[in-house]
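# Understanding the architecture of this molecule
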Amino acid sequence: MKFTLKDYQDDAVAQVLDRLKKSRKRWHDDKEKNAFSLTATTGAGKTVMAAAVFEALFFGSDDYDFAPDPGAVVLWFTDDPSLNEQSKFRLMEAADKLTVSDLVTVENTFGRETFEPRKIYFLNTQKLSKTSLLVRGHDADDAGVETVNGTPLMPDARSHTIWDTIRNTVDDPDLTLYLVLDEAHRGMRDAAKGTKTIVTRLINGEGGVPGVPVVWGISATVQRFDDAVKAMQDRTALPNVVVNSKLVQDSGLLKDTINLDVPNEAGDFATVLLRRGTQKLRDITKAWDAYAAEQGESGMVTPLMVLQVPNTPNKDDVGTWLQTIFDTWPELPADSVYNVFGEKKTESYKGHSVPYIAPERVQESDHVRILLAKEAISTGWDCPRAEVMVSFRAASDQTHITQMLGRMVRTPLARRIPGNERLNAVDCLLPNFNQATVKAVVQSLMTGGDLGDKLPGRRVLINPKEMSPNPAVPQEVWDKLLSLPSKTLPKKQARPIKRLTGLAHELAADAILPDAGKVAHAHLHALLDKAQADYAEAIEKARQTVLRVEGKTGRAAVGSTDMTFDDFIEDADLAVIEDAYKRAARMISPDVAKTYSEFLAEKNAGVDDEEEALVEAHADVAAIGLVPMIKDFLEAEAEAFANEWLTDHDDAIKALSDERQDVYRELRELSANPLDVSLAMPRNSLQPTVEVNEGGREQVLPLYNHHLLCDADGNFPAAFNSWELEVLTQEIRHVGFLAWYRNPSSASAESLGITYPDDGQESIMRPDFIFFSKVDDGTVQANIVDPHGQFLADSLPKLVGLANYAETCAFHFGRIEAVAKVGDAYRSLDLKAPDVRDAIRRGPSAKSLFEGEKANPYPDIPPENHRRH
């Protein structure tokens, strides 16, 4: 793969491969047909996951311990030819083992007897319609098909229809046909009701064509697919692979913030908000240019604005809108406006010519800056560089608006921009909405739209205001913030040896540690030498196992049912040794197995000839793979060595561009026990200034000063609950108080995270506040004070997480406290106190801890320690 998969993608790929392996076995053993789906919210990278699956399916994978299927044939099916082409391009972009010849678009000239193994064939609904040249002549009742003696003549004198090719492939015992339904919910509405469709005919078979053995649906909405599968006969539904939406949001592949601008009063504000949207496009263009210059690059992202118009737009209105855009941004080239209307032709609006462009070409066509669209453009379409949308749809069309925005939420660089919330946001301006009618849009966007579950970390803000670094905050406070340790989640698929060799590659590529690859391999070779000495007896036994094949010979006399068995031992041949070597290579990584074998062969070259020395070395490696303790030893040492490099070269890594730092961040986190990470400098923040109360009325948020980020007047709007306001009010009264920081709830680099145990796994919490104060010796002290609920199921586990964090990171802080309201008073737990931490780990509930003797009154500040205002 050309990309490093996110942890949730890695896990999903492993699950999909497990389903495919079971399905293949059941089909060839028992002719059982299976189906399942991969369900993930828009932007999760479903095609990237599919690319990893296909590479493993065709070529095998050591990472997933998956043997290749030499007879695998993939039929990728959608109802949209352009969507197929986009998926084909993405697969090529993501996979490094798939070639152009492996991805075949089925055209009308296609006429193979069977599909070829280890290829992906792209087919669409239109190619299976009765009028298609691919199918004409298959059905006896095809109208207009010539016959000879009752036998239909197929177009172009071909010998096979596409249905014949499918039947022959399914019937071939050496092949396995895997049907992948992209956007699997489409075309399934009638199928769920039992109505026959082209899709169901493909799945179930008909008229002498058998059903496809394995069906894999991919979509963000698979309910229709699931319902249809349940209604099908002779097909077993395997458990679906469902990707957690929170993990997708946390990954940085999706934008964290969606800004909605709506009028505060009734009236016609179309041109006003259009001018504002155009100005936002200008501003975000400048912001991306500034970021690119800072990173030493050019042309990093060229933003565009989507202008969403009604289905039957008034040409004069559109002409006026376009003129407004050019009046607001005179430097905008006249030929930068295009449309993606279904009519697929050039439109003219009061002198403005607007050519058509295919949706799948928009992202790569940087000259497109203004894009006219109607509804959701097309299923599967996305354009990460679409940073602004102005929608002239009516308030009743909120579904079309959210569908369009759903296609704009991918981050342009497939990662967060550290500390820059403005570049991690998308803007939508809605002239025909107001604060009340926009609620449905907010709700849909907050739940991810398709899957319906909430997306923690995503914010939808109405008319937000941008905050910038507070010039009144001393530099010592910023330095303290950036020194605080933040935790990351451990990886389920931690691969320490691969992590070390990957780190070596990156350090060498960035000229931080020349020849790092050689150093890493030499270190691993020395470790394997040590292991050979330490586990010599176990390795020798394992080596004999590799070099000898043991079996039994059965003997039976004629006419007798009695049998006797004699043992036999034969020397292993090269094939047996190589098979054992390959299995061992999965343990220590194929790359290290290869270099260590060559290292051993070179040492023994004086004793044996070169070829024999390499065979002996492969036998040694195969024996090492049969001693489990060596794997544990090698992985622990590789983990320690990688951590040592990451620590020693931390300053050099921080001097690299954000893109390169992100690579090292992933390597740092690719561990079952990841290292702490430093916080990024927050450069800006988007905050609401009003909220709508329960009565539906707008209420201006209270403003507080001394926040690390603020508006032009030094204020920060506090969208807090009563507990949070109480903590803020009390903490700013402390003597020596300097500043405070509202810790972001997103998984951004500027948010401090703390891991906690969650039902056998690890989750991450983000404490609400960090306060900064000056102590007696003149240094700056950081304090975590977290208003903490008592009644939620995760209240106690989060306290345990805070306690564990305090135990290892206490020296970074003056205070680490959790605060809760008990009755009419507030009480706090001092997490730096060992007895409090012990009580938390033993405690039956958070409520009992806050009510117990270990809790203190809050605030516990003598009057003389109150700060004067």
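First, a word on what this report is: a plain description of the structure on this page.

What counts, and where the lines are drawn
Residues numbered from 1 in each chain as written. Predicted model: local features only at pLDDT ≥ 70, side-chain atom pairs only at ≥ 80, totals over all residues. Heavy atoms only, no water. Helix = DSSP H or I, 4+ residues; strand = E, 2+ residues; numbered from the N terminus. Buried < 20%, exposed > 50% of the residue type's maximum accessible area, 1.4 Å probe, protein only. Areas by Shrake-Rupley, 256 points an atom, 1.4 Å probe, with all protein chains shown as cover. Pairing = 2+ DSSP bridges. Axes fitted to C-alpha atoms, helices over the stretch in contact; angles between N-to-C directions. Contact = heavy atoms within 4.5 Å. Parallel < 35°, antiparallel > 145°, perpendicular 65-115°, else oblique. Left-handed = near helix turned anticlockwise from the far one by under 90°. Nonpolar A, V, L, I, M, F, W, Y, C, P; charged D, E, K, R; others polar. Core = buried A, V, L, I, M, F, W, Y, C linked by side-chain atoms within 4.5 Å. Patch = residues over 30% accessible without salt bridge, like charges linked within 9 Å, V, L, I, M, F, W, Y side chains within 5 Å. Salt bridge = Lys/Arg side-chain N within 4 Å of Asp/Glu carboxyl O. Lys, Arg positive; Asp, Glu negative; His and termini not counted. Charge placed at Lys NZ, Arg CZ, Asp CG, Glu CD. Phe/Tyr/Trp six-rings, centres within 6.5 Å; stacked < 30°, edge-to-face > 60°. Lys NZ or Arg CZ within 6 Å of the ring centre and 35° of its normal. Expected span 1.5 Å × (residues − 1). Polar contact = N/O pair within 3.5 Å; in protein donor to acceptor, adjacent residues only side chain to side chain.

With that out of the way, let us pick up the overall build of the protein chain. The helix and strand inventory of the protein chain stands at 25 helices and 40 strands. Split into buried and exposed, the 869 residues of the protein chain put 53% on the buried side. Summed over all atoms, the accessible surface of the protein chain reaches about 38700 Å², with 49% contributed by carbon and sulfur.

Let us now look at the sheet that holds strand 13 (residues 257-261). Strands sit in the order 15-18-14-19-20-13-21 across an open sheet of 7 strands; the sheet is parallel. Taken across any chain shown, the strands that pair with only one partner, and hence form the sheet edges, are strand 15 (337-339) and strand 21 (459-462). Pairs of neighbouring strands in the sheet enclose a mean axial angle of 20°, with direction left out of account. With 5 bridges connecting them, strand 14 (residues 304-308) and strand 19 (residues 386-391) associate as parallel partners. Directly across from Q308, in strand 19, lies its bridge partner S391. This element, helix 8 (residues 270-294), spans strand 13, strand 14, strand 18 (370-373), strand 19 and strand 20 (425-429) of the sheet and lies at about 180° to strand 19. Seen against the sheet, helix 9 (residues 315-328) touches strand 14, strand 15 and strand 18 and runs at an angle of roughly 160° to strand 14.

Right, let's get into the packing of helix 2 (residues 46-59) against helix 3 (residues 81-94). In the contact formed by helix 2 and helix 3, the axes pass within 9 Å of each other and the chain directions differ by 60°. Overall, the two elements helix 2 and helix 3 adopt an arrangement that is oblique. Of the two elements, helix 2 crosses helix 3, and the hand of that crossing is right-handed. Across the interface between the two elements, T47, V48, A50, A51 and F54 of helix 2 pack against S87, R90, L91 and A94 of helix 3. Class assignment for the residues of the contact of helix 2 with helix 3 results in 6 nonpolar, 2 polar and 1 charged.

What follows is about the environment of P263. Locating P263 in the fold gives a position in the loop between strand 13 and helix 8. Using a relative accessible area of 7% as the deciding quantity, one classes P263 as buried. Taking the C-alpha atoms as reference, P263 lies 5.7 Å from N434; in sequence the two are 171 residues apart.

All right, on to the sheet that holds strand 31 (residues 709-710) then. Spatially, 3 strands are ordered 27-22-31 in an open sheet, and the strand pairing comes out antiparallel. The strands lining the two open edges of the sheet, one partner per strand, are strand 27 (685-687) and strand 31. Note that strand 22 (residues 465-469) and strand 31 share 2 bridges and pair antiparallel. Residue pairing for strand 31: P469 is matched across the bridge by L709.

Looking now at the nonpolar core. Within the largest apolar cluster, 74 residues are counted, with the highest numbers of intra-cluster contacts made by F54, W216 and L260. The biggest single contributor to this core is helix 2, with 10 residues. If sequence neighbours within four positions are ignored, F54 has contacts with V74, W76, L91, L98, I120, V180 and W216. Counting residues in hydrophobic clusters, the runner-up holds 57 residues, among them V473, L481, F720 and I770.

Right, let's talk about a negative patch on the surface for a bit. Together, D609, E610, E611 and E612 line one region of the surface with negative charge. With respect to the helices, strands and loops of the structure, E611 is situated in helix 18 (residues 610-624). Residue classification places E611 among the exposed positions, given a relative accessible area of 63%.

In this section: the pattern of salt bridges. Evaluation of the coordinates by the stated rule reveals 56 salt bridges. For E331, the salt bridge is made with R282, and the minimal N-O distance between the two is 3.6 Å. Taken together, the residues E331 in the loop between helix 9 and strand 15 and R282 in helix 8 connect sequence positions 49 residues apart. In this structure R282 comes out as buried when scored by relative accessible area, which is 18%. When the shortest N-O distance is used, the salt bridge between K631 and E635 registers 3.2 Å. Taken together, the residues span about one helical turn, with K631 and E635 both in helix 19 (residues 628-648) at a distance of 4 residues. Judged by relative accessible area, E635 falls into the buried class, the value being 19%. Bridged by salt links that share partners, the residues D261, R276, K280, R422 and D427 form one connected network.

What follows is about the packing of aromatic side chains. Taken as a whole, this structure holds 19 aromatic pairs when the rule is applied. Aromatic pair F716 and W740: ring centres 5.6 Å apart, planes at 85°, arrangement edge-to-face. Of this pair, F716 sits in strand 32 (residues 715-717) while W740 sits in strand 33 (residues 737-742); the two residues are 24 residues apart in sequence, bridging distant segments of the chain. Judged by its relative accessible area of 2%, F716 falls in the buried class. When the ring centre of W163 is taken as origin, the NZ or CZ atom of R201, which lies over that ring, is 4.5 Å away. The side chain of R742 reaches across the aromatic face of F769, ending 5.3 Å from its centre.

A few words on the side chain of E724. Considering the arrangement of structural elements, one finds E724 in helix 22 (residues 722-731). If we ignore the near neighbours within four places in the chain, the residues touching E724 are R742, D768, F769 and P787.

This part takes up helix 1 (residues 7-30). If you check helix 1, its first and last C-alpha atoms are 34 Å apart, about what 24 residues at 1.5 Å a residue would give, namely 34 Å. Those residues of helix 1 that sit buried are Y8, Q9, D10, A12, V13, V16, L17, R19, L20, S23 and W27. Directly beyond the C-terminal end of helix 1, a positive phi value near 60° is found at K31.

Time to look at the pairing of strand 36 (residues 769-774). Of all 6 residues that make up strand 36, 5 are buried, and the element is covered over most of its length. Pairing of strand 36 with strand 37 (residues 780-787), which is carried by 6 bridges, proceeds in the antiparallel orientation. Pairing of S773 across the sheet is with Q781, part of strand 37.

Within the fold, R837 resides in helix 24 (residues 834-842). Side-chain polar atoms of R837 contact the backbone oxygen of L831, separated by 3.0 Å. Excluding residues that lie within four positions of it along the chain, R837 makes contacts with A803, A806, E807, L831 and K832.

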